[in-house]
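Secondary and tertiary structure notes
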Amino acid sequence: MSEKYKKIKQIYEGKAKKLYTLQGHPNLLLQEFKDDATAFNAQKRGSILNKGIINCELTTYIFTYLGKKGVKNHFVEQISPNEMIIKRLKIVPIEVVVRNIAAGSLLKKTNFKEGHRLARPIVEFYYKDDALGDPMISDSHALAMKIATEKDLNTLRQMAEKINSLIKPFFLKRGLKLVDFKLEFGKDSSGKIMLGDEITPDTCRLWDKKTNRKLDKDRFRFDLGGVNEAYAEVRKRILGK
Ligand code: TMP
Ligand code: ASP
């Protein structure tokens, strides 16, 4: 634990991360990444070797990259292998999914076969609510529930498209196809929307450029084996270690 930041109390424990408040820093939080892995709304549970460290390092690297490219995000600094300081955001309860290649739940909504390259990226909104199982929603659902304004929804879509246009080539340069991914956003103390959460093999589908081997959490979700190795491989390709 760094000298600069002293934890006060845990305010949240999710499936993959914990959040703590910090003494003397009301607008910041400490985000700790866990090795725990869950799938299908936590019906399946397990853990992935060094996932906390790998996901903290990858999020640090990718959010720093996005920040330099003008994407406002919550990352402040990494303070230990699996802990980072972030800006405290009021989370918008919408998960934004961007898809470049057909996979996962898109195969149940369309006739696309897995691996079909989409003519243009698809952006989807899901209502972040465990009890409802995070259902997909339209703009009108979000507006009726008053969880976001029309302007917020347009900002989410524009930011998600910009992030996709930056990280798709970022991953490809490192031998990884960015199939799809999930983003979360929040508002800072001035009401500005910024990217939060994480960008990791938990939240992205990443396939090897040449072989299409799955190098992400789908190996855990669907018992494909080689889960630890896939996370280690993504770490090596992006962080060189
Ligand atoms: P899906 O195809 O199951 O809808 O998933 C789309 C993307 O979102 C995929 O990259 C995995 C990610 N994702 C999460 O990060 N959290 C979740 O709870 C789910 C269901 C998907
Ligand atoms: N993390 C999510 C859960 O446990 C689902 C997933 O990533 O597939 O519910």
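A short tour of the structure in this document, coming up. (Residues numbered from 1 in each chain as written. Chains lettered and ligands numbered in written order. Predicted model: local features only at pLDDT ≥ 70, side-chain atom pairs only at ≥ 80, totals over all residues. Heavy atoms only, no water.)

Inspection of the region around ligand 1 gives 13 residues, with R99, S105, D180, K182 and R205 positioned closest. Within the contact set of ligand 1, an oxygen atom lies 2.5 Å away from a side-chain nitrogen or oxygen of D180. Contacts to ligand 1 include R205, whose side-chain N or O atom sits 2.9 Å from an oxygen atom. Compared with its free state, where it exposes 450 Å², ligand 1 has 74% of that area covered by protein. Take the shell around ligand 1: its biggest share by element is three residues, from strand β11 (residues 176–187). The class makeup of the residues in the shell around ligand 1 is four nonpolar, three polar and six charged. (Near = heavy atom within 4 Å. Polar contact = N/O pair within 3.5 Å; in protein donor to acceptor, adjacent residues only side chain to side chain. Areas by Shrake-Rupley, 256 points an atom, 1.4 Å probe, with all protein chains shown as cover. Helix = DSSP H or I, 4+ residues; strand = E, 2+ residues; numbered from the N terminus. Nonpolar A, V, L, I, M, F, W, Y, C, P; charged D, E, K, R; others polar.)

Inspection of the entire model under this criterion finds 24 salt bridges. For the salt bridge of R99 with D180, the shortest nitrogen-to-oxygen distance reads 3.4 Å. Here the residue R99 occupies a position in strand β8 (residues 90–101), and D180 occupies one in strand β11, the gap between them amounting to 81 residues. (Salt bridge = Lys/Arg side-chain N within 4 Å of Asp/Glu carboxyl O.)

Read these as layout, nothing more, since geometry by itself doesn't imply function.
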